[in-house]
Amino acid sequence: MPYRTQSSDTSRAIEERQSAYFRKLGLNGRLKYGSQIVDEGFNALWSNLRRDFPHLSPQELRIEWVRRHYGEDLANRYKEFRARKNRAIG
């Protein structure tokens, strides 16, 4: 069976260079790199939410994030939980 790259738009030569680069980074380097990618993704997501809903408070943005990713039911439950928590605090 011929070698197949993991991605249809990446050549074998490039994939081999990428693999060598990540091996050279070592475990800690790969974890750091992965963490940066995740952080950048979350930053982009929050920037998009703030752009799309500039009138919402940070709390309302969190609820919107939950609604988009987990649905209306969980967003409503989260909203109720936060309201109960806020009443209990003060």
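Before reading on, note that the structure itself is shown above.
### With respect to the overall build of the chain
When helices and strands are tallied, the chain shows three helices and zero strands. When the helices and strands of the chain are read in sequence order from the N terminus, they spell out α-α-α. Relative to the globule expectation of 12 Å for 90 residues, the C-alpha radius of gyration of the chain, 21 Å, shows a markedly less compact shape. Reported as C-alpha extents along the three principal axes, the dimensions of the chain are approximately 60 × 25 × 25 Å. Each of the 90 residues in the chain was classed as buried or not, and the buried ones make up 12%. Once local pairs closer than 6 in sequence are excluded, the contacts in the chain between residues at least 24 apart make up 3%. Taken together, the 18 basic and 11 acidic charged side chains of the chain have centroids lying 5 Å from each other.

### Some points on the packing of aromatic side chains
Applying the stated criterion across every chain, the model contains four aromatic pairs. Each ring, one from Tyr21 and one from Phe22, has its centre 5.4 Å from the other, and the planes form 65°; the classification is edge-to-face. Note on Phe22: relative accessible area 27%, which makes it partly exposed. Cluster of aromatic residues (ring-pair linked, three or more members): Tyr21, Phe22 and Tyr33.

### Some thoughts on the packing of helix H2 (residues 58–70) against helix H3 (residues 72–89)
At their nearest, the axes of H2 and H3 sit 7 Å apart, and the two run at 150° to each other. Compared by their axis directions, H2 and H3 come out roughly antiparallel. Crossing hand, H2 versus H3: right-handed. Where H2 approaches H3, its residues Gln59, Arg62, Ile63, Val66, Arg67 and Tyr70 are matched on the opposing element by Glu72, Leu74, Ala75, Tyr78, Lys79 and Arg82. Classifying every residue of the contact of H2 with H3 by side-chain character gives six nonpolar, one polar and five charged.

Rules of the game
- Residues numbered from 1 in each chain as written.
- Predicted model: local features only at pLDDT ≥ 70, side-chain atom pairs only at ≥ 80, totals over all residues.
- Heavy atoms only, no water.
- Helix = DSSP H or I, 4+ residues; strand = E, 2+ residues; numbered from the N terminus.
- Rg over C-alpha atoms; globule rule 2.2 N^0.38 Å.
- Buried < 20%, exposed > 50% of the residue type's maximum accessible area, 1.4 Å probe, protein only.
- Contact = heavy atoms within 4.5 Å.
- Lys, Arg positive; Asp, Glu negative; His and termini not counted.
- Charge placed at Lys NZ, Arg CZ, Asp CG, Glu CD.
- Phe/Tyr/Trp six-rings, centres within 6.5 Å; stacked < 30°, edge-to-face > 60°.
- Axes fitted to C-alpha atoms, helices over the stretch in contact; angles between N-to-C directions.
- Parallel < 35°, antiparallel > 145°, perpendicular 65-115°, else oblique.
- Left-handed = near helix turned anticlockwise from the far one by under 90°.
- Nonpolar A, V, L, I, M, F, W, Y, C, P; charged D, E, K, R; others polar.

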